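Tertiary structure, described
Below, each chain spelled out in residue letters.
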Amino acid sequence: HLSIIFFLLCPALVVAQNSPLETQLKKAIEGKKAEIGIAVIIDGQDTITVNNDIHYPLMSVFKFHQALALADYMAKRNQSLDTLLRIEKSDLKPDTYSPLRDKYPQGGIEMSIADLLRYTLQQSDNNACDILFGYQGGPDAVNRYIHSLGIRDCAIVGTETAMHEDLDLCYQNWSTPLAAAELMEIFRREPLFAQEYQDFIYQTMVECQTGQDRLVAPLLGKGVTVGHKTGTGDFNAKGQQIGCNDIGFVLLPNGHAYSIAVFVKDSAESSLENSKIIADISRIVYKYVIRTTK
């Protein structure tokens, strides 16, 4: 009887044991000089993971987590995405990736939260990220919100500025692949906050401009809708790239959908190769889902 109860409670776990997709994915990452973690959730139920028991540095993937917590914060205060925040020159740190700073080097401007979110989600702007952290209560507030959704296997403790000052902190902003894919599923399926916030984040992720050589690469021209958020790390003292990541959702023309998270940690491969690893995984998953959901 216990086995029957277990099957009813955990059908996804049972279905996913040694699936052909898992076998293909393991083969694809064999021999790579990196720790690679993968999670795929197909149509909200079939779940496949590879190397899920490792803590992977989120890098800028956490800007997705931040956006969800921000929308919740604003919804509770009835604030519009048009709310303006003041940006001073001191907010625009010089030694970090920031198209926002490049455009407005002197600061002294006001910008809507919507525009700041476009900078964080589409261009992965680090200064915009920390400006939003300042508004919404810092990494701790984001961490609490994500955990409140039932996503436990992740931690968000440091800002972009803090990570740049101490590379070890990159490893303390972490997630398992499954926790990231589950968060993507919750966002896609649950009404977390008012539709205007949900639609805005959704559309902004679909228009993401970073990492076109990762999850998106093999899906171009296939008539699919992809929303995603990349994360790209610096190199650690051993010369390894700390993280090269992409998480996203894929909606197929046949009505099926899946969420996917791929994390590449401490890689001795080149940055180009790390992105190619993610693209290859994306291609394998896409072909599998298309073939099995006709």
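Preceding this paragraph is the structure being described.
Right, let's walk through the structure included here. (Residues numbered from 1 in each chain as written. Predicted model: local features only at pLDDT ≥ 70, side-chain atom pairs only at ≥ 80, totals over all residues. Heavy atoms only, no water.)

Examining the pattern of salt bridges
In the structure shown here, the tally under the stated rule is 13 salt bridges. Note that E273 is salt-bridged to K32, the shortest N-O span being 3.2 Å. Taken together, the positions of E273 in helix 12 (residues 271-292) and K32 in the loop between helix 3 (20-28) and strand 1 (35-42) put the pair 241 residues apart, joining distant regions of the chain. In this structure, the salt-bridge partner of D102 is R101, at a minimum N-O distance of 3.0 Å. For D102, a relative accessible area of 55% corresponds to the exposed category. By relative accessible area, R101 is classed as buried at 15%. A single salt-bridge network, built from bridges that share partners, covers E185, R188 and R189. (Salt bridge = Lys/Arg side-chain N within 4 Å of Asp/Glu carboxyl O. Helix = DSSP H or I, 4+ residues; strand = E, 2+ residues; numbered from the N terminus. Buried < 20%, exposed > 50% of the residue type's maximum accessible area, 1.4 Å probe, protein only.)

A few points about the layout of surface pockets
A water-sized probe, rolled over the atoms, reveals where empty space remains. By volume, the largest pocket amounts to about 300 Å³. Surrounding the largest pocket, 20 residues form its lining, S60, Y97, N126, T232 and G233 being those nearest its centre. Elements supplying a minimum of two residues to the lining of the largest pocket: helix 9 (160-165) and strand 8 (225-232). Grouping the amino acids of the lining of the largest pocket by side-chain chemistry returns six nonpolar, ten polar and four charged. (1 Å grid on protein atoms, 1.4 Å probe; cavity = no way out; pocket = protein on both sides within 12 Å on 5 of 7 lines; lining within 4 Å. Points joined across faces, edges and corners; volume = space filled by probe spheres on them. Nonpolar A, V, L, I, M, F, W, Y, C, P; charged D, E, K, R; others polar.)

Some remarks on the sheet that holds strand 7 (residues 174-175)
The antiparallel open sheet is built from three strands, whose spatial order is 3-7-6. The open sheet has two free edges, formed respectively by strand 3 (56-57) and strand 6 (154-155), since each of these has just one partner strand. Pairing of strand 6 with strand 7, which is carried by two bridges, proceeds in the antiparallel orientation. Considered in strand 7, the bridge of C154 is made with S175. (Pairing = 2+ DSSP bridges.)

Observations regarding the pairing of strand 9 (residues 241-251)
Of all eleven residues in strand 9, ten are buried; the element is thus mostly enclosed. Two elements, strand 8 and strand 9, share eight bridges in a ladder whose sense is antiparallel. Of the residues in strand 9, the one forming a bridge with T230 is D246. A loop of five residues connects strand 9 with strand 10 (residues 257-267), the two strands running antiparallel in sequence, and G255 in this loop sits at a positive phi of about 90 degrees.

What to know about the packing of aromatic side chains
Summed over all chains, the structure comprises six aromatic pairs. Summarising the aromatic geometry, the rings of F62 and F133 are spaced 5.6 Å apart at their centres and angled 70 degrees between planes, so their arrangement reads as edge-to-face. Here F62, found in helix 4 (residues 62-76), pairs with F133, found in helix 7 (residues 126-136); they are 71 residues apart in sequence, far enough to count as distant. In terms of burial, F62 and F133 fall into one category: buried. Where Y73 meets Y135, the ring centres are 5.2 Å apart and the plane angle is 75 degrees; that geometry is what we call edge-to-face. Here Y73 is found in helix 4, whereas its partner Y135 is found in helix 7, with 62 residues between them in sequence. Against the face of Y73 rests R77, its NZ or CZ located 3.6 Å from the ring centre. (Phe/Tyr/Trp six-rings, centres within 6.5 Å; stacked < 30°, edge-to-face > 60°. Lys NZ or Arg CZ within 6 Å of the ring centre and 35° of its normal.)

Details of the environment of E196
With respect to the secondary-structure elements, E196 resides in helix 11 (residues 195-206). Judged by its relative accessible area of 47%, E196 is partly exposed. The spatial distance from the C-alpha of E196 to the C-alpha of C129 is 21 Å, given a sequence separation of 67 residues.

Considerations on the nonpolar core
Formed by 61 residues in total, the largest nonpolar core has its most connected members in L100, I113, L116, L117 and I201. Leaving out residues up to four positions away in the same chain, L100 has contacts with I87, L92, M111, L116, Y119, D125, A128 and I131. The next biggest cluster of nonpolar side chains, apart from the first, holds 29 residues, and it includes L21, L215, V264 and V285. (Core = buried A, V, L, I, M, F, W, Y, C linked by side-chain atoms within 4.5 Å. Contact = heavy atoms within 4.5 Å.)

Remarks on the packing of helix 3 against helix 12
Two numbers describe how helix 3 lies on helix 12: the axes approach to 10 Å, and their chain directions differ by 160 degrees. When the axes of helix 3 and helix 12 are compared, the pair comes out roughly antiparallel. Taken as a pair, helix 3 and helix 12 cross one another with a handedness that is right-handed. Here P20, L21, Q24, L25 and A28 of helix 3 lie close against helix 12, whose contacting residues are I281, I284, V285, Y288 and R291. Looking at side-chain class alone, the contact of helix 3 with helix 12 contains eight nonpolar, one polar and one charged residues. (Axes fitted to C-alpha atoms, helices over the stretch in contact; angles between N-to-C directions. Parallel < 35°, antiparallel > 145°, perpendicular 65-115°, else oblique. Left-handed = near helix turned anticlockwise from the far one by under 90°.)

A closer look at unusual backbone geometry
Positive phi, normally seen in glycine, also occurs at D43, with a value near 50 degrees. Locating D43 in the fold gives a position in the loop between strand 1 and strand 2 (46-50). A positive phi angle, near 45 degrees, is found at D266, a position not held by glycine. Position of D266 among the secondary structure elements: in strand 10.

By themselves, these observations are geometric and do not establish any function.
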